[in-house]
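Summary of the model geometry
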Amino acid sequence: MFFFFLEPVLIYNWLLILAAVIPAIFLMIKVYQSDRLEPESPYLLWKMVTGGIWSAVVAGIIEWIANGVLTSYVSQKDPIYNVIMYFVIVAYAEEGAKYFFLKRRSWFSREFNCQYDGVVYAVFVALGFALWENISYVMIYGFSTALVRAVTAVPGHACFGVFMGIFYGLSRGYAYLGKNIRSKFFRVLAIVVPAALHGSYDYVASLNSAEGQWIFLAFIAVLFFISFHLVNRMSKNDKYFQIDRRNYRF
């Protein structure tokens, strides 16, 4: 009798998990298929996904601690609270954690030999993050949350990953040429630009008004359009890195 009641619950939970996972997997396949020059190995891509999952855990801990400190000094009703929370704490905790695992697991990989590879790695890390985050939200709030996040938060993380990957790939290319100052500059942009987009996304989403909802829809529409355009352009113009053996330190 116990298993008779347990089975529908298990089926429902699995449906929720699938609803949370499928959007991320769909976008991973899209980005992977766009890698026309030299597709990455499944092993390395799996390292990116698991890195994204770990980054979600790390970011969650950082956000919990930082939010506790913030609420000690700023009321949640104060307008400045959302600005600090979304543009500083959430944006840099999440994008910074993603970047940490992205660089740690791919920077010295021999497979990282093409410009577009940076986009692939960053998007897979971002979608690993979104996958874990989505499962957590869906298991708490239900199937309707999965539907909303499938067309907003999951692609949103992928878009942040696109921008991170573009600058990350540029940084690796300049490192191969021994141009370390330019490489560091683009590494900074690989965090700052996605963090700015992430903070804007969350802040606009928090606006509790009809105008705010329209602004949010317009924001994500423009963000998705630009991101997919960049993916297609980077994929078509992909090239192998040039290596200046006189300047580059192996």
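No experiment lies behind these values; they were computed from the predicted model shown. (Residues numbered from 1 in each chain as written. Predicted model: local features only at pLDDT ≥ 70, side-chain atom pairs only at ≥ 80, totals over all residues. Heavy atoms only, no water.)

A few words now on the UniProt feature "transmembrane region" (unreviewed entry) in the chain. Residues given the UniProt feature "transmembrane region" (unreviewed entry) here are residues 12-32, 44-67, 79-97, 118-140, 146-170, 185-201 and 213-231. Annotated as residues 79-97, this span is 100% helix and 0% strand, and its ends, taken at the C-alpha atoms, are 26 Å apart. (UniProt positions renumbered as here; feature names shortened; annotations may be inferred. Helix = DSSP H or I, 4+ residues; strand = E, 2+ residues; numbered from the N terminus.)

Moving on: the packing of aromatic side chains. Per the counting criterion, the structure on display carries 13 aromatic pairs. When the centroid spacing of 5.8 Å and the interplanar angle of 85 degrees are considered together, the rings of phenylalanine 160 and tyrosine 201 count as edge-to-face. Taken together, the residues span a long stretch of sequence, with phenylalanine 160 in helix α6 (residues 153-176) and tyrosine 201 in helix α7 (residues 180-205) at a distance of 41 residues. Between phenylalanine 167 and phenylalanine 186, the aromatic rings sit 6.3 Å apart at their centres with planes inclined by 20 degrees, giving stacked as the arrangement. Taken together, the residues phenylalanine 167 in helix α6 and phenylalanine 186 in helix α7 connect sequence positions 19 residues apart. The two residues phenylalanine 167 and phenylalanine 186 agree in class, both being buried. In textbook terms, an aromatic cluster arises when at least three aromatic residues are bridged by ring pairs, as seen for Tyr99, Trp107, Phe112, Tyr121, Tyr168, Tyr176 and Phe241. (Phe/Tyr/Trp six-rings, centres within 6.5 Å; stacked < 30°, edge-to-face > 60°. Buried < 20%, exposed > 50% of the residue type's maximum accessible area, 1.4 Å probe, protein only.)

Turning to the side chain of serine 183, a few remarks are in order. Within the fold, serine 183 resides in helix α7. Not counting residues up to four positions away in its chain, the partners in contact with serine 183 are Trp107, Ser171, Tyr174 and Ala175. (Contact = heavy atoms within 4.5 Å.)

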